[in-house]
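Inside the fold
The lines below spell out each chain.
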Amino acid sequence: MAGAVHEAIRLEAARAYPHEGCGALLGRAAGHVSETLALANEEAGSPRTRFTVSPRDYLAVEESADARGLLLLGFWHSHPDHPARPSATDRTFAWPGLLTLVIAVEGGEPRELTAWDVEGPDGPFRQLDLDVSAD
């Protein structure tokens, strides 16, 4: 992951606090995140503990990535005042082949960022190594 992406996720997660923040992860090759696009959390019922990306925003991300020769690699979201570990709800909505990054935000301060994926529609989350480059 590019260092600028890591910093952008930290800033956006802090800005969204006490609600969950979220965004898309883009890059030219699987596993190499070079950009993030912050997305509005459209969750109306429980934005502190859940996030929802609107279909309109999802399509806009796909179109933006395609237009620039990038791939949608996955999504990140924050866990306000909870660990950077995916929840059962996160697993329900995770897509095989897409990264899931989770960042803990404690009292408005971004903390640990973890990376996860799932193998197959019924597989559990698998934690991945997260390397942040100096750009």
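Within each chain, residue numbers correspond to sequence positions counted from 1 in written order. Only residues with pLDDT of at least 70 get local features here, since the model is predicted, and only at 80 or more are side-chain atom pairs given and counted; chain-wide, interface and lining totals rely on the full set of residues. In computing side-chain values, all of the structure's heavy atoms are included and hydrogens and water are not.

Notes on the packing of aromatic side chains
Two aromatic rings from Phe, Tyr or Trp, using only the six-membered ring of Trp, form a pair when their centres are within 6.5 Å; if the ring planes differ by under 30 degrees the pair is stacked, by over 60 it is edge-to-face, and anything between is tilted. Evaluation of the coordinates by the stated rule reveals 3 aromatic pairs. Geometrically, the ring pair formed by Tyr58 and Trp95 is edge-to-face, given 5.5 Å between the ring centres and 70° between the ring planes. Pair noted here: Tyr58 is in helix α2 (residues 55-67) and Trp95 is in the loop between α3 (88-93) and β4 (99-106), with a separation of 37 residues, a long-range link. Burial classes follow relative accessibility: with a 1.4 Å probe on protein chains only, a residue under 20% of its type's maximum area counts as buried, one over 50% as exposed, and anything between as partly exposed. Overall, Tyr58 belongs to the partly exposed group, its relative accessible area being 21%. The exposure class of Trp95 is partly exposed, given its relative accessible area of 44%. Counting from the N terminus, the helices are the DSSP runs of H or I reaching at least four residues and the strands are the DSSP runs of E reaching at least two.

Description of the pairing of strand β1 (residues 22-27)
Most of β1 sits inside the fold, with 6 of its 6 residues counted as buried. As paired elements, β1 and strand β2 (residues 35-39) share 5 bridges and run antiparallel to each other. Bridge pairing in β2 places Cys22 opposite Leu39. Only strands that DSSP links by at least two bridges are regarded as paired with each other.

Side note on the pairing of strand β5 (residues 109-118)
Most of β5 sits out of view: 7 of its 10 residues are buried. Inspection of the sheet shows β4 paired to β5 by 6 bridges, in the antiparallel sense. Residue pairing in the sheet places Ile103 in a bridge with Leu113 of β5. The loop that links β4 with its antiparallel partner β5 comprises 2 residues; one of these, Gly107, has a positive phi angle of about 55°. Two elements, β5 and strand β6 (residues 125-128), share 4 bridges in a ladder whose sense is antiparallel. Looking across to β6, one finds that Ala115 is bridged to Leu128. The turn linking β5 back onto β6 is made up of 6 residues, and Gly120 within it adopts a positive phi angle of 85°.

Don't take any of this as a statement about function, it's just geometry.
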